[in-house]
Amino acid sequence: MQLTVWTYEGPPHVGAMRVATALRDVHYVLHAPQGDTYADLLFTMIERRSARPPVTYTTFQARDLGGDTAELFKSSVRDAYERFKPQALLVGASCTAELIQDDPGGLARTMGLPIPVIPLELPSYQRKENWGAAETFYQLVRALCLPLAPPPGTVREPRSADRRPRCNVLGATALGFRHRDDVREITGLLEQLGIEINVVAPLNAGPSDIRRLGEADFNVVLYPETASPAAQWLQRTFGQPMTRTVPIGVGATRDFIREVAALAGVEIPPALLQGDSRLVWYSRSVDSTYLTGKRVFVFGDATHAVAAARIASEELGFKVVGIGTYSREFARDIREAAARYGVEPLICDDYLQVEAKVAELQPELVLGTQMERHIAKRLGIPCAVISAPVHVQDFPARYAPQMGWEGANVIFDTWVHPLMMGLEEHLLGMFRNDFEFHEGAAPSHLGSTTARSNPTEVVTAPAVVELQSQSGEAAGEPQVQPAASGPTWAADAEKELRKIPFFVRGKAKRNTERYANDQSVAVITVETLYEAKAHYSR
Amino acid sequence: MSGVVEHLVPATAVFPSAPSIRTERGQREVFCGLTGIIWLHRKIQDAFFLVVGSRTCAHLIQSAAGVMIFAEPRFATAIIDDRDLSGIADANDELDRVVNQLLARRPDIRLLFLVGSCPSEVIKLDLSRAALRLSRSFEPQVRIRSWSGSGIETTFTQGEDACLASLVPDMPSLPAEAPTSLLIVGSLADVVEDQFRRLFDALGIDNVGFLPPRNSQELPAIGPQTRYLLAQPFLADCARALEQRGAQHLPSAFPLGAEGTLAWFAAAAALFAVPQERFDAVMAAPTARARAALQPLREQLSGVSIFFFPDSQLELPLARFLSRELDMRLLEVGTPYVHRSHMAPELALLPADTVITEGQHVDNQLDRCRASKPGLVVCGLGLANPLEAEGIATKWSIELVFTPIQGFEQAGDLAELFARPLTRRNRLVV
């Protein structure tokens, strides 16, 4: 049993719904109690879909449990088939139906429907949403493509020279973080390389499209979280190689172009690698100088977190001070990335632990999910969202991909926007007691409603109180209090410390105390403060 | 000299003209009772709601709350995992550990609800026994109670019913010879509660308690001289628990709209034999305000047809209000459940030919809805955008649960909720 306040991922059947809803002409019959239909609103409200998800719920009640829930399931399947006339049917159970063990797959198979019926076994008490999406997509691909597979061991024939190379684009689902726009950006990029798009799946693909997956020369895996198992099976079964690079950021997009060109056997048009992303010049322009070394904390699904860390570090000149993911399945990728940036990886789906980490690190920018947006808001730290879990704001009306050249533009704008602008930041440092330009003020372009940390709120929020007692200086305002055995602060030194811009104050305080400890200084004076500063800047 | 107030609405019995109720079964597009936690945790300000359930439960509450508005909410989920199911871990030991962890984090909590879910019911995890066991360790500091918000047992607002019922045994006892007291039952927005208190004061009825209280330490007392008046229409189990404590039901229409609110206060006034003159004097101004607020909205909504999908059990009183005070045309009134005796005063006021559907088969109901070409549809969030995309105006039903709509001063606001989607459609030219 795990105490959970907010969850990063829903249950695995919600992952299955994301695949089913992305597809055309597929219906999902879910053995589930009344109430599980809440999942429909994720799609109709958050994503503003104009149609109900193609899901029929059996919605059994307590009185059904004594009777025949299996018969209820079968009649739901029959009705759903009659009403929606899908070309393929997914069947499965939600967490409660899993416990009553009706075997939806077995029941549906005995019904002799004239369409493929794909049973989904999604263990709700072990697995989560992304796993459920990946498993569903894999089972669907396997069920529909296996009859068309060449005999095992068949070597794939090389593409004839008069045919353009063809690829599938895999992984985009309903309710995905910018999936719709990423697909448009990347299919455009592939077409510029002279590559034909065979099938995009699951987004907007029907069963007949899925059956054609084997006709491509290779697979582009946009989202490993949802597409990896299917792509690996296609590789084994049809001999289709798959891409490993996710084209988020300028560098990754260039790597992706090289990787794809190699798989496709095409020349890269020289101009293409230069790309037309404004990020490159914007980042080099002088007014971006103030971005240098900004301390960022990165958290999200592994794919987006790894990509964000690379952009932050290589393309914006930030310093990655922490990286983590809630996807345990991809923990290795995050550990590797963390090693690259010399930080501790945080592999965890406990929102409170992530919050404690952010409070401890005191980054100047948080790149996270909607959860971290919350954490950052409470701690008064600017934040940009880089990954699911999603919110209605993550489905903007405008074209806003994360991938490719335009994705890099979007990322530049989105990440820089919450920050204080360069000169403003300097003025803040110079005139610390200015009555309207104090550290509680929001960046001038963000308006007064987004004012930084509200001290009362922080103090009254119990979680933060607890964090403060643990780390001594968790939220926003470091408290100048002596550690139990550590040095104490003289009044003038404490006053001087407050003149240091708040976003580096915590670090200055820590360093000074460490320095004082090392030098066996009992009382920290203004002198100690500047000696420590000199010591650590060497 | 005028007499004392009599009920404006005859109380019980089924009337020959009352509409008939059709029951249907099939897929239900409704929330489970856990959803009630979203408003209950704001209402009872020192209570914490710990759902013992699955990741789905946690995800539901998070999603139904729409946005994560509260820094650290007073609800959480103890997510059952494989180890609990396979018996590797003893589910009760695990629950004790989680509760200890939680209460250590939140020393401000005075009342902890263990809230049952579909999985906890199916694996027969006995939360009432767990609550008893944990109470021994934590009382008097923290009271621990349990109720079920599972989808297999409860529909949406029935969660509040179960929650309030779990509080009834803790209500202090009044002696048999205590004077008559009035108990208002059902969560109301604080602003509405305050308005109602002022009106009761003005009527000279000062022996009034409210369940749930804003603070768990202030549970109202109850005894054989207590009459309970329902402020919400979904409180069947709670009513039964109150009756077991000796309280008696005071039947009335529900306080929605000017007419409903007037009838509701009349029921209380009749009980306390308030002189008719005083009643009229107290009610005159707010009734007039409510009617004045409704007048322009009646012009807009009059003749507009409306179709209700089942959601909160508020549907019958709302339909009565819309039909009688705003002159809307009722096409079908879907409701999850009709409590025949609590609803008798409402049924008596509805047009005799009203089509009432209890339960749901969502696909068939959608067919009927489309065929009836409604001017406005009241439905849940899963259906609203798809219907809008088909060109049908909708009103989210959940807003009717989260908005102060009861009482005289809110009658206009309530009507405005139905008018707004139509106003908006008229305004847009894209």
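Remember, predicted model here, so these are calculated numbers, not experimental data.

1. Focus on the sheet that holds strand 11 (residues 345-347) of chain A
Residues and elements named next belong to chain A.
- Taken in spatial order, the five strands line up as 11-10-9-12-13 in an open sheet, and their pairing is parallel. Only two strands of the sheet have a single partner each, and these edge strands are strand 11 and strand 13 (383-385). Taking each pair of neighbouring strands and ignoring which way they run, the sheet shows an average axis angle of 15°.
- Relative to strand 13, strand 12 (residues 365-368) runs parallel, the two sharing three bridges. If you follow V366 over to strand 13, its bridge partner there is C383.
- The sheet contacts of helix 15 (residues 331-341) involve strand 10 (319-325) and strand 11, and relative to strand 10 the element is tilted by about 165°.

2. What about helix 8 (residues 179-192) of chain A?
Residues and elements named next belong to chain A.
- Taking 1.5 Å as the rise per residue, helix 8 with 14 residues should run 20 Å; its terminal C-alpha atoms sit 20 Å apart, in good agreement.
- Among the residues of helix 8, H179, D181, D182, V183, E185, I186, L189 and L190 are the ones counted as buried.
- On its buried face, helix 8 is in contact with strand 6 (166-172), strand 7 (196-202), strand 8 (218-221), helix 11 (250-264) and helix 18 (404-416).
- Once helix 8 finishes, G194 follows within two positions and takes phi at roughly 80°, a positive value.

3. Notes on the pairing of strand 13 (residues 376-379) of chain B
All names here are of chain B.
- Of the two faces of strand 13, both are covered, the one formed by L376 and V378 as well as the one formed by V377 and C379.
- Pairing of strand 10 (residues 305-308) with strand 13, which is carried by three bridges, proceeds in the parallel orientation. Considered in strand 13, the bridge of F307 is made with V377.
- Judged from the three bridges that link them, strand 13 and strand 14 (residues 394-396) form a sheet pairing that is parallel. Bridging across to strand 14, C379 finds its partner in W396.
- Once the chain exits strand 13 it traverses helix 15 (residues 381-389) before rejoining the sheet at strand 14, and the crossover so formed is right-handed.

4. Here's the deal with the domain arrangement of chain A
- As assigned here, chain A comprises domain 1 (12-147), domain 2 (149-274), domain 3 (279-428) and domain 4 (478-538).
- Once you take the C-alpha centre of each, domain 1 of chain A and domain 4 of chain A turn out to be 59 Å apart.

5. So, the sheet that holds strand 4 (residues 88-93) of chain A
Residues and elements named next belong to chain A.
- Pairing within the open sheet is parallel, and its four strands lie in the order 3-2-4-5. With one partner strand each, in any of the chains shown, strand 3 (55-57) and strand 5 (117-119) form the two edges of the open sheet. Averaged over all neighbouring strand pairs, the angle between strand axes comes to 20°, with direction disregarded.
- For strand 4 and strand 5, the ladder comprises three bridges, and the chain directions are parallel. If you follow L89 over to strand 5, its bridge partner there is V117.
- Together, strand 2 (26-31), strand 3 and strand 4 form the strand contacts of helix 1 (residues 12-22), whose direction differs from that of strand 2 by roughly 160°.
- Of the strands in this sheet, strand 2, strand 3 and strand 4 are in contact with helix 4 (residues 69-84), which crosses strand 2 at around 160°.

6. Considering the interface of chain A and chain B
- Taken together, the contacts link 50 residues of chain A with 52 residues of chain B.
- Elements that contribute at least two residues to the side of chain A that touches chain B include exactly strand 1 (2-4), helix 2 (39-46), strand 3, helix 3 (62-66), helix 5 (95-100), helix 17 (370-379) and helix 21 (462-471) of chain A.
- Top element by residues in the side of chain A that touches chain B is helix 2 of chain A. It accounts for five residues.
- Tallied by class, residues from the side of chain A that touches chain B come to 23 nonpolar, 17 polar and ten charged.

About the cut-offs
Residues numbered from 1 in each chain as written. Chains lettered and ligands numbered in written order. Predicted model: local features only at pLDDT ≥ 70, side-chain atom pairs only at ≥ 80, totals over all residues. Pairing = 2+ DSSP bridges. Helix = DSSP H or I, 4+ residues; strand = E, 2+ residues; numbered from the N terminus. Axes fitted to C-alpha atoms, helices over the stretch in contact; angles between N-to-C directions. Contact = placed C-beta atoms within 7 Å. Expected span 1.5 Å × (residues − 1). Buried ≥ 20, exposed ≤ 12 C-beta atoms within 10 Å, placed from the backbone. Right-handed = clockwise from strand over helix to strand, strands pointing away. Domains from an automatic or database assignment. Nonpolar A, V, L, I, M, F, W, Y, C, P; charged D, E, K, R; others polar.

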